[in-house]
Amino acid sequence: MKRLIKLLFLVLIVSCIAVFVVMTVSKQKFAGMTDDEIREFLAERIGDKLGPDQLMAVQTAVIGAVRGRTVPPTAHTDPTNEPTDEPDAGDSAT
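Residues numbered from 1 in each chain as written. Predicted model: local features only at pLDDT ≥ 70, side-chain atom pairs only at ≥ 80, totals over all residues. Heavy atoms only, no water.

**With respect to the pattern of salt bridges**
Okay, so step 1: Applying the stated rule across the entire model yields one salt bridge.
Okay, so step 2: One salt bridge connects Asp35 with Arg67, and the closest N-O pair in it is separated by 3.0 Å. Of the two residues, Asp35 sits in helix α2 (residues 35-46) while Arg67 sits in helix α3 (residues 52-67), which places them 32 residues apart along the sequence.
Okay, so step 3: The exposure class assigned to Arg67 is partly exposed, which follows from its relative accessible area of 31%. (Salt bridge = Lys/Arg side-chain N within 4 Å of Asp/Glu carboxyl O. Helix = DSSP H or I, 4+ residues; strand = E, 2+ residues; numbered from the N terminus. Buried < 20%, exposed > 50% of the residue type's maximum accessible area, 1.4 Å probe, protein only.)

And the structure:
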(Lines give C-alpha, C1' and ligand atoms only; values in the text may rest on other atoms or scores of the structure.)
Protein backbone atom coordinates (compact mmCIF):
# COMPACT_ATOMS: atom_id res chain seq x y z
CA MET A 1 0.00 0.00 0.00
CA LYS A 2 2.86 2.40 0.76
CA ARG A 3 4.33 1.74 -2.69
CA LEU A 4 1.04 2.65 -4.33
CA ILE A 5 0.82 5.92 -2.40
CA LYS A 6 4.44 6.77 -3.21
CA LEU A 7 3.85 5.97 -6.88
CA LEU A 8 0.73 8.15 -7.01
CA PHE A 9 2.58 10.99 -5.29
CA LEU A 10 5.45 10.69 -7.78
CA VAL A 11 3.03 10.70 -10.71
CA LEU A 12 1.35 13.81 -9.29
CA ILE A 13 4.69 15.64 -8.96
CA VAL A 14 5.79 14.69 -12.48
CA SER A 15 2.41 15.76 -13.88
CA CYS A 16 2.67 19.17 -12.22
CA ILE A 17 6.14 19.69 -13.65
CA ALA A 18 4.96 18.65 -17.12
CA VAL A 19 2.03 21.08 -16.99
CA PHE A 20 4.35 23.91 -15.95
CA VAL A 21 6.73 23.17 -18.84
CA VAL A 22 3.90 23.00 -21.39
CA MET A 23 2.41 26.28 -20.14
CA THR A 24 5.79 28.02 -20.32
CA VAL A 25 6.44 26.80 -23.86
CA SER A 26 2.94 27.84 -24.98
CA LYS A 27 3.32 31.30 -23.50
CA GLN A 28 6.65 31.77 -25.28
CA LYS A 29 5.07 30.61 -28.55
CA PHE A 30 2.21 33.09 -28.17
CA ALA A 31 4.60 35.89 -27.17
CA GLY A 32 6.17 35.76 -30.63
CA MET A 33 2.81 36.11 -32.37
CA THR A 34 0.76 39.23 -33.08
CA ASP A 35 -2.71 39.65 -31.57
CA ASP A 36 -4.36 38.81 -34.90
CA GLU A 37 -2.24 35.66 -35.28
CA ILE A 38 -3.23 34.53 -31.78
CA ARG A 39 -6.91 35.14 -32.59
CA GLU A 40 -6.63 33.14 -35.83
CA PHE A 41 -4.79 30.29 -34.10
CA LEU A 42 -7.39 30.03 -31.35
CA ALA A 43 -10.25 30.28 -33.86
CA GLU A 44 -8.80 27.35 -35.81
CA ARG A 45 -8.25 25.24 -32.69
CA ILE A 46 -11.36 25.87 -30.62
CA GLY A 47 -13.65 27.97 -32.82
CA ASP A 48 -15.97 25.09 -33.67
CA LYS A 49 -16.38 24.11 -30.01
CA LEU A 50 -17.37 27.55 -28.69
CA GLY A 51 -19.85 30.20 -29.63
CA PRO A 52 -18.65 33.52 -31.07
CA ASP A 53 -19.00 35.39 -27.76
CA GLN A 54 -17.18 32.69 -25.81
CA LEU A 55 -14.44 32.51 -28.45
CA MET A 56 -13.93 36.28 -28.26
CA ALA A 57 -13.73 36.11 -24.46
CA VAL A 58 -11.14 33.32 -24.61
CA GLN A 59 -9.11 35.14 -27.25
CA THR A 60 -9.13 38.35 -25.22
CA ALA A 61 -8.13 36.50 -22.05
CA VAL A 62 -5.27 34.66 -23.77
CA ILE A 63 -3.94 37.83 -25.39
CA GLY A 64 -4.17 39.65 -22.06
CA ALA A 65 -2.31 36.86 -20.27
CA VAL A 66 0.42 36.75 -22.90
CA ARG A 67 0.87 40.52 -22.96
CA GLY A 68 0.72 40.81 -19.17
CA ARG A 69 -2.41 42.89 -18.95
CA THR A 70 -5.86 42.08 -17.72
CA VAL A 71 -9.05 43.15 -19.42
CA PRO A 72 -12.40 43.06 -17.63
CA PRO A 73 -14.56 40.37 -19.23
CA THR A 74 -17.42 42.79 -19.92
CA ALA A 75 -15.22 45.24 -21.81
CA HIS A 76 -15.34 43.29 -25.08
CA THR A 77 -18.08 40.72 -24.66
CA ASP A 78 -21.03 42.70 -23.30
CA PRO A 79 -22.70 44.76 -26.04
CA THR A 80 -24.86 46.56 -23.44
CA ASN A 81 -21.76 48.02 -21.78
CA GLU A 82 -21.50 50.88 -24.26
CA PRO A 83 -21.00 54.45 -23.01
CA THR A 84 -23.86 56.86 -23.62
CA ASP A 85 -24.18 60.62 -23.52
CA GLU A 86 -27.11 60.41 -21.12
CA PRO A 87 -26.42 61.07 -17.42
CA ASP A 88 -26.76 58.17 -15.02
CA ALA A 89 -29.97 57.89 -13.01
CA GLY A 90 -28.00 58.41 -9.79
CA ASP A 91 -26.48 61.71 -10.94
CA SER A 92 -28.41 64.80 -9.97
CA ALA A 93 -27.59 68.39 -10.82
CA THR A 94 -28.83 70.09 -7.65
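**Some words on the packing of helix α1 (residues 2-31) against α3**
Okay, so step 1: Look at α1 against α3: their axes get within 9 Å of each other, and the N-to-C directions meet at 95°. The angle between α1 and α3 places the two elements in the roughly perpendicular class. Here Lys27, Phe30 and Ala31 of α1 come into contact with α3, specifically with Val62, Ala65, Val66 and Arg67.
Okay, so step 2: Residue classes in the contact of α1 with α3 are distributed as five nonpolar, no polar and two charged. (Axes fitted to C-alpha atoms, helices over the stretch in contact; angles between N-to-C directions. Parallel < 35°, antiparallel > 145°, perpendicular 65-115°, else oblique. Contact = heavy atoms within 4.5 Å. Nonpolar A, V, L, I, M, F, W, Y, C, P; charged D, E, K, R; others polar.)

**Considerations on the side chain of Gln59**
Okay, so step 1: Within the element layout of this structure, Gln59 appears in helix α3.
Okay, so step 2: Look at Gln59 and you get buried, because its relative accessible area is 9%.
Okay, so step 3: When neighbours within four sequence positions are excluded, Gln59 is seen to be in contact with Arg39, Leu42 and Ala43.

**Quick look at the packing of aromatic side chains**
Okay, so step 1: All chains considered together, the criterion is met by one aromatic pair.
Okay, so step 2: Ring plane angle 70° and centroid distance 5.6 Å describe the contact between Phe30 and Phe41, whose orientation is recorded as edge-to-face. Placement of the pair is Phe30 in helix α1 and Phe41 in helix α2, with a sequence separation of 11 residues. (Phe/Tyr/Trp six-rings, centres within 6.5 Å; stacked < 30°, edge-to-face > 60°.)

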